Amino acid sequence: MNELGFPILSLMLAVPMAAAVACLFVSANAARWIALLATLVDLALGIVLWMNFDIGGAQWQFVEKAALFDRFSWALGIDGIALMLIMLSVFLMPICIGASWEAIETRVGEYMAAFLLMEVLMIGVFAAQDIFLFYIFFEAGLIPMYLIIGIWGGANRIYASYKFFLFTLLGSVLMLIAMFWMVNEAGTSDIPTLMAYDFPVEAQAWLWLAFFASFAVKMPMWPVHTWLPDAHVQAPTAGSVILAGVLLKMGGYGFIRFSLPMFPEASVDYMWLVLALSMVAVVYTSLIALVQSDMKKLIAYSSVAHMAIVTVGLFAFNRQGLEGALVVMLSHGLVSGALFLCVGVIYDRLHTREIDRYGGLSINMPRYALLFLLFTMASIGLPGTSGFVGEFLSLVGVYEVSSWAAIVCTTGIILGAAYMLYLYRRVAYGVIKSDDVAAMPDLNKREIALLLPIALVVLWMGVYPESFMAPMRKDVGALEARLASVKPAGDAQVKMGKAPALMPAAHAEEGHH
Amino acid sequence: MNYELWFQLASPEIVLSLSSLVLLLIAAWGGVQSSRLVSVLTVVALFGALALSFNFLLNPSFAEGADAFYGQYRMDRFASLSKILVFLSAIGCIIVAPKFFARGNLMRPEYPILILFASIGMGLMVSAVDLLTLYVGLEMQSLAAYVLASFLRSDDRSAEAGLKYFVLGALASGILLFGMSLLYGFTGTTSFIGIQTAFADGVSTGALFGIVFVLSGLAFKISAVPFHMWTPDVYEGAPTPVTTFFATAPKVAAMALTMRVAIEAFGGQQAVWQQIVIFVALASIILGGVAAIGQTNIKRLLAYSSINNVGFILIGLATGTEAGASAMMTYLIIYVAMTLGSFICVLDLNDREGRPVEEIAKLAGLSKTRPGLAAALAVFMFSLAGIPPLFGFWGKFVVFDAAVAAGLIPLAAIGIAASVIGAFYYLKVVKVMYFDEPADVIAPSDSTARMALVTLTALFVSPLGYFATLALSPVTAGAAKALFWAA
């Protein structure tokens, strides 16, 4: 048993699961309350988890293991990285339920059940310590998400739901074959053991590609990102939040948990592929975002660009890059989720996502304009917001490996500022063009309750990122040590300046590479 | 010679044979009114045979298995497990039938009796260790099946299905028989072990033709590509309870038979038949997936789905290993539950006049008018597509694991990538039921028996099924081990 004396991770899976089943059998209003209650309980359990997480202690904590199945076991456990991503999931879930409170009127019970099931699967993905259990959680998310987009989505929802399902499925199946091979080779399906296992270098290339196919689609990386704008635009607001906030992070988590530690040699061999795709993605999708007339599509394309910053950070193979990538993941989860909520707020009032229909919202919706501005700035990466910390670290990290990649990807920040400010200007500034826009009321209490917590966390992460980076530090260090022997030389050869005396000793030491 | 032991070993078939003769007399004298009584007694007889098979499967004193009737018949764990699946499917198909035939008053006592005859044939098929027993069992099953396909005499589609099935089935039997005669000619024996011994130092060209013809004949019976053409027509035309039967019990029996022939009779010459099986498996997966996309009739769609699934099962055979055989048995168990469940869902789709509905388009919005049924059918569809966490994934899991362990990585990679094609049309059914506006043609269910069976199979196929894996795997592994007894 674990540190707390009760299986907290299983409990975090059981609570939403039980609530999901209950939601199917009760009235619409009861389903809303059950869902909210269950997600809040999970949030509380998540906080207990974080409080009791021993920073700098054992790598894997809260470990549970039960031999319930043939060939794979119910093995759960988390490290700091998984902890932070679980926190992100349980933090966003009550907000998603709240965002659907009034927007969803039909088949509420089934809707809430689908969301609660998503929560189970998301936590499961991050907590699984058995490779097959991970695969089951990872793939199972397709079914509820397919239903969420298809039943409660927009006009073109059926095309989007098919595209989402088939793209992701096709990406993932080859990963399963690779997993079979690995488990046959290593003789265990235990993830921590596999992470330390040295697979033959010639096999690594194939295994890496099989995993890459899956995570690149999930991430999503250019050119397999095309499902994302469709899925985002058609999904209901809360669906977009969970898709952008957590599901995309599964790709990055996969790289950290599987591709990098299990196939270090192949990761270095294919580094050019990842960097090249990411560079294309940053520039290309930012330019696409610039010309969008649909707000959700714009934010969806900006997600692809931000995820490309994550991949360059990950494939920098150094501490700054890895930590930066993780912070971008957390920050993007919050910020893009909040931006989708902001779109949802005005969509609920005017029922259109056309940017041109709006304008001058800062006049009649000042509170909304303020929060929207904050999230816009966080998305751009303004210092003081969460976006800055991660992007800065990622780009510093990748600069050590390839100056070209760093230069090209940094243009993404400028382009990001361009499309986000342009969006904000068109929506919030100027004059009010029509009466129906003028009649839009400002945020109500429910909407403030949804957006304010995210705003506070975004600022917290921007001002004092240490709270979020501390639990992950040791795990990033372990990964860095695993990659140390294969780390590429890089073209920039940066050296630390002569100012370490000004920094606290612990930080200065980490700076040397 | 130990007739007492031999009769004991063959007791499931003997029980069924005696009861079928008695029931035939009851039916002859009792007429149409006796159909309910005969159905009940048939189910009782099948449960008796089921109990005997369970005893053979689980009782340690039968763990080794034994030959009977001078090497014609073999009772082992493999045969017993297959028989359990066959008998359970048969019971299901008898239970759901009366309501279907009640409209138009077409229920006859011959229906359960024909299923009983077919079950005897299938029992013989899975226990056959000699080409002659194999052929007798296969024909016994087939003859009953031809009659069952055209059971709705007044219905043109049913009559056509019966005729088509008969003509093509007879052709396949001819091919099989020709292959068997070649094998006998070149090896001088009809027993599987004898053939294996004769093949120990290589296969002559003539015998190779024999192997190809025998496998072709068997491919017809399991409806694997390129011998699948009859399947959609027969599945569509036959009365739905009969289609349910065709898709489950005979499929298990024919697959088990194919396994025994390939592994026992041709076991030493795996290299000869492996490429055939690999081709048939991939062709079935791909064609079963692609051809299903355009289907508008749910029974035809499920026919292609069964072709698709047979392809996945054959991947296990292509490995030629014990793990592969065990995986096939696991897949068959799950396949039977999924297929039985989805066909019973189809049986429950009736319009307000009680006419069966088979058009997929008419299922539109079923999730609003019949949420329970729609949820069950969605579970079966996702499960057939092999999407975790549903239990259908486990079947694919074990089969592909066996393929990778046997080194057939390209086969596994192509097979699993092609499974995505299949996912497309399963999604279509879910889309029609959940995303489309209600067409409101489907009437509420009028049968608790059907609903109970659907619930039961849906629960087995749901993620709860994984809790059965610890109990199932020793059983399937034991069955697979029995198959390799001579190796």
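Because the structure is predicted, anything quoted here is derived from the model rather than measured.

What counts as what
Residues numbered from 1 in each chain as written. Chains lettered and ligands numbered in written order. Predicted model: local features only at pLDDT ≥ 70, side-chain atom pairs only at ≥ 80, totals over all residues. Helix = DSSP H or I, 4+ residues; strand = E, 2+ residues; numbered from the N terminus. Rg over C-alpha atoms; globule rule 2.2 N^0.38 Å. Buried ≥ 20, exposed ≤ 12 C-beta atoms within 10 Å, placed from the backbone. Contact = placed C-beta atoms within 7 Å. Expected span 1.5 Å × (residues − 1). Arc of directions from axis to C-beta. pLDDT = per-residue confidence, 0-100. Core = buried A, V, L, I, M, F, W, Y, C linked by C-beta atoms within 7 Å. Domains from an automatic or database assignment. Axes fitted to C-alpha atoms, helices over the stretch in contact; angles between N-to-C directions. Parallel < 35°, antiparallel > 145°, perpendicular 65-115°, else oblique. Left-handed = near helix turned anticlockwise from the far one by under 90°. Nonpolar A, V, L, I, M, F, W, Y, C, P; charged D, E, K, R; others polar.

## What about the overall build of chain A?
Working step 1: Along the backbone of chain A there are 23 helices and two strands.
Working step 2: What you see for chain A is a C-alpha radius of gyration of 22 Å, in line with the 24 Å of a compact globule of 513 residues.
Working step 3: Counting only C-alpha atoms, chain A reaches 65 × 55 × 40 Å along its principal axes.
Working step 4: A buried classification covers 59% of the 513 residues belonging to chain A.
Working step 5: The contacts of chain A with a sequence gap of at least 6 include a subset with a gap of at least 24, amounting to 80%.

## Observations concerning helix H20 (residues 448–461) of chain B
Residues and elements named next belong to chain B.
Working step 1: Under the 1.5 Å per step criterion, the end-to-end length of H20 is 20 Å for 14 residues, consistent within 8% with the ideal 20 Å.
Working step 2: Among all positions in H20, only Arg450, Leu453, Val454, Thr457, Ala458 and Val461 are buried. Down the axis of H20, the buried side of the element spans an arc of 130°, and every buried residue falls inside it. Counted as exposed and oriented over 90 degrees from the buried face of H20: Thr448 and Ala452.
Working step 3: Buried positions along H20 lie against helix H4 (77–95), helix H5 (97–102), helix H15 (322–347), helix H17 (371–384) and helix H18 (392–405).

## Quick word on the confidence of the model for chain B
Working step 1: Averaged over all residues, the pLDDT of chain B equals 91, while 99% of them reach at least 70.
Working step 2: Scoring the predicted complex yields pTM 0.92 and, for the interface, ipTM 0.92.

## Observations concerning the nonpolar core
In a soluble, globular protein the nonpolar side chains are often hidden away together inside.
Working step 1: Within the largest apolar cluster, 402 residues are counted, with the highest numbers of intra-cluster contacts made by Leu116(A), Ile177(A) and Leu332(B).
Working step 2: Of all the elements, H15(B) adds the most residues to this core, at 18 residues.
Working step 3: Contact partners of Leu116(A), with chain neighbours within four places excluded, come to Pro16(A), Ala19(A), Ala20(A), Cys23(A), Ala35(A) and Ala38(A).

## Some remarks on the domain arrangement of chain A
Residue and element names in this part refer to chain A.
Working step 1: Examined at the domain level, chain A breaks down into domain 1 (1–264) and domain 2 (270–513).
Working step 2: Relative placement of domain 1 and domain 2: their C-alpha centres are 22 Å apart.
Working step 3: Elements with a minimum of two residues in the side of domain 1 that touches domain 2: helix H3 (80–99), helix H10 (227–234) and helix H11 (237–262).
Working step 4: At 13 residues, H11 tops the list of elements feeding residues into the side of domain 1 that touches domain 2.

## Thoughts on the packing of helix H3 (residues 35–58) of chain B against H4(B)
Residue and element names in this part refer to chain B.
Working step 1: At their nearest, the axes of H3 and H4 sit 9 Å apart, and the two run at 160° to each other. Here H3 lies roughly antiparallel to H4, going by the angle between them. For the pair H3 and H4, the crossing hand works out as left-handed. Of H4, the residues touching H3 (which contributes Ser39, Thr42, Val43, Leu46, Ala49, Leu50, Ser53, Phe54, Phe56 and Leu57) are Arg77, Ser80, Leu81, Lys83, Ile84, Phe87, Leu88, Ala90, Ile91, Ile94 and Ile95.
Working step 2: Among the residues forming the contact of H3 with H4, the class breakdown is 15 nonpolar, four polar and two charged.

## Section: the interface of chain B and chain A
Working step 1: Listed per partner, the contact involves 26 residues of chain B and 25 residues of chain A.
Working step 2: Elements with a minimum of two residues in the side of chain B that touches chain A: H18, helix H19 (409–434) and helix H21 (469–483) of chain B.
Working step 3: Tallying contributions element by element places H19(B) first for the side of chain B that touches chain A, with twelve residues.

## Some thoughts on helix H11 (residues 230–237) of chain B
Working step 1: Along H11(B), seven of the eight residues are buried, which leaves the element largely enclosed by surrounding structure.
Working step 2: Where H11(B) is buried, its residues meet helix H7 (131–149), helix H8 (156–187), helix H12 (240–265) and helix H14 (298–319) of chain B.

## A look at the environment of Phe115(A)
Residues and elements named next belong to chain A.
Working step 1: Considering the arrangement of structural elements, one finds phenylalanine 115 in helix H4 (residues 108–127).
Working step 2: On the neighbour-count criterion, phenylalanine 115 (26 C-beta atoms within 10 Å) is buried.
Working step 3: Linking phenylalanine 115 and glutamate 102, residues 13 residues apart in sequence, is a C-alpha distance of 15 Å.
Working step 4: The contacts of phenylalanine 115, once residues within four sequence positions are left out, are Ala35, Cys96, Ile97 and Ala238.

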